[in-house]
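Listed below are the residues making up each chain.
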Amino acid sequence: MFMSARTLISKLGVVVALSALAAPCASAGEGAIPICQADVPLVITNPGSYVVTENLTLSGAGVTGIVIRADRVAIDLNGFTLRGPGSSSGFGIAQTSGSVATVRNGFVANWKGPVKGGIVLGGRNNRVESVTVADCAYGIFGGQGNVISMCIAFSNSLDGIYVQEGSTVERCYATGNAGWGIHAQPGSTVRECVTTWNGSGIYVHQGTVAECSIFAHMAGDGITVDYDGVVERCGVMGALKNGIKVLDRCAVRQCTVISCSNGVSAADQCVIEWVVVRGGSGDGIVADDGSIVRRCVVSTNSGDGIEVDSDCLVIGNLCTDIANPDIGVAGIRVRGTDNRIEENTCNRSETGIAVENGGNLVVKNLAAYNSTTNYSLATGNTVGAIEPDPVAWEMPWANFKMGQP
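Right, let's walk through the structure included here. This is a predicted model, so every value here is computed, not measured.

1. Observations regarding the overall build of the protein chain
Move 1: The helix and strand inventory of the protein chain stands at one helix and 48 strands.
Move 2: Relative to the globule expectation of 22 Å for 405 residues, the C-alpha radius of gyration of the protein chain, 28 Å, shows a markedly less compact shape.
Move 3: In terms of its C-alpha atoms, the protein chain occupies a principal-axis envelope of roughly 90 × 30 × 30 Å.
Move 4: With 405 residues in all, the protein chain has 55% of them scored as buried.
Move 5: Counting contacts in the protein chain only where the partners sit at least 6 residues apart, residues at least 24 apart contribute 31% of the total.
Move 6: Per element, the accessible surface of the protein chain, about 15800 Å² overall, is 52% carbon and sulfur.
Move 7: The distance from the centre of the 26 positive side-chain charges to the centre of the 36 negative ones in the protein chain is 9 Å.

2. Section: the packing of aromatic side chains
Move 1: A complete count under the given rule lists five aromatic pairs for this structure.
Move 2: Ring centres of F141 and Y162 lie 4.7 Å apart, and the angle between their planes is 20 degrees; on these two criteria the pair is classed as stacked. With a gap of 21 residues between them, F141 in strand β12 (residues 138-142) and Y162 in strand β15 (residues 161-163) connect regions that are remote in the sequence.
Move 3: Considering the side-chain rings of W197 and F215, the 5.8 Å spacing of their centres and the 90 degrees angle between planes classify their relative orientation as edge-to-face.

3. Observations regarding a nonpolar patch on the surface
Move 1: A cluster of nonpolar residues, W197, F215, M218 and M237, forms a patch on the protein surface that exposes about 400 Å² of accessible area.
Move 2: Structurally, W197 can be placed in the loop between β20 (194-196) and β21 (200-205).

4. Observations concerning the pairing of strand β48 (residues 399-402)
Move 1: Here strand β44 (residues 366-368) pairs with β48 via three bridges, running parallel. Within β48, the position partnered with A368 by the bridge is M402.
Move 2: Here two bridges tie strand β47 (residues 386-387) to β48, and the two strands are oriented parallel to one another. Its bridge partner lying in β48, E387 is registered against F400.

5. Focus on the pattern of salt bridges
Move 1: On inspection of all chains with the given rule, the structure shows 17 salt bridges.
Move 2: Residue R335 is joined to E307 by a salt bridge in which the shortest nitrogen-to-oxygen separation is 2.9 Å. Of this pair, R335 sits in the loop between β39 (330-334) and β40 (340-342) while E307 sits in strand β36 (residues 306-308), and the two are 28 residues apart along the sequence.
Move 3: Under the relative-accessibility criterion, R335 is labelled partly exposed at 36%.
Move 4: Via salt bridges that share partners, D304, E307, R333, R335 and E356 belong to a single interconnected network.

Quick notes on the rules
- Sequence order as written defines residue numbering, which begins from 1 separately in each chain.
- Side-chain atom pairs in this predicted model are given and counted only at pLDDT of 80 or more, local residue features only at pLDDT of at least 70, and totals for whole chains, interfaces and linings cover all residues.
- Calculated side-chain values reflect all of the structure's heavy atoms, with hydrogen atoms and water omitted.
- A run of H or I in DSSP counts as a helix once it spans at least four residues, and a run of E counts as a strand once it spans at least two, with each numbered from the N terminus.
- The size measure is the radius of gyration over C-alpha atoms, and the globule rule it meets is 2.2 Å times the number of residues to the 0.38 power.
- Here's how the labels work: a residue is buried when its accessible area is under 20% of the maximum for its type, exposed when over 50%, partly exposed in between, all with a 1.4 Å probe on protein chains only.
- Pairs of residues are marked as contacts when any of their non-hydrogen atoms sit within 4.5 Å.
- Here the Shrake-Rupley method, with its probe set to 1.4 Å, supplies the accessible areas, and only the displayed protein chains count as covering residues.
- The charged-residue count follows a simple rule in which Lys and Arg add positive charge and Asp and Glu add negative charge, with His and chain termini not counted at all.
- The atom standing in for a charge is NZ when the residue is Lys, CZ when it is Arg, CG when it is Asp and CD when it is Glu.
- For Phe, Tyr and Trp, where Trp contributes only its six-membered ring, two rings pair if their centres lie within 6.5 Å, and the inter-plane angle classes them as stacked under 30 degrees, edge-to-face over 60, or tilted in between.
- Here the term patch refers to residues with relative accessible area over 30% and no salt bridge, with like charges joined within 9 Å and nonpolar side chains (Val, Leu, Ile, Met, Phe, Trp, Tyr) within 5 Å.
- The salt bridge criterion pairs a side-chain nitrogen of Lys or Arg with a carboxyl oxygen of Asp or Glu, the two atoms within 4 Å.
- A strand pair is defined by DSSP finding two or more bridges across the two strands.

Structure (structure tokens):
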């Protein structure tokens, strides 16, 4: 005969705040401790495997559904829903001490008390998998070294999924959250995730975002990584600020950014390579001092295609159909000094390549059929001869022009 979680914990001498006795729980399977409506609110202080056997609803102000105060606790929601009282709630499931907890396979909803959340696990090395969390404050909040896998977070009033240092968020979907869809602290990885219609998409501090898709964020950036991070093989569409924003010493590789205000915004000493940017209302790629922009394609933006400051390498890029008569844009714009601009192709824009200051090297580029001028170069630069004949093999450092002067 199986005992309910309340009965077992009471026999172990643990004081649990419970309502009057109700009908016994259904069976939870061999070795598992069942949790039913009569058991909640519940405090777990012993390791073990716990299985929910029916939908659970709590209505008291400030109440928390299940509190974990032990190591190695596994809670299987078993396809059922843990539902809270809304704006007056505590937490749905909260780990206040212990580590190595697992929550899986069910639904958590309506835990939207101020700075509360559906699943909040403060300890280390926890796992949340195959859980849908909706209409909470935070959806899922994980501690250090947590793994959040195959979860859905939607319509939460803060971040959909938030994890602390050294965590992994994988194959999750976040939509309609007012804050970030997914927000991760330093050393974390977010991979194979999709976020749509959130306040902003994915924010990782000093970590990695890989193979993610970000669509239609209402007000913020698509992907943000600050300092020493990587964004690779991601797609972003429809961010109202930056498609991808990175701070110092980051790499952005093999990404596609479509119809965002600005495509890629990078701070100092970044590498941006094999990136496609198309159709934004602002600049395509902007990189600050000491950065490399290489083998990228920018087209149909309304700001400059590629813009760099100083000490940068801009090599082998294609910028085409960049136009905005109101401000006069360029395929490539160089604002600083000590840059190397080489082997780029800038076609069918207003200005092909614009260099605003001296002290730069401009060689082996092609600018063709730009409506205002192919090259606008300040004095004091080292510039390969600008020739109309692209087969002038005897001048290997020459820049070439076609169409307009």
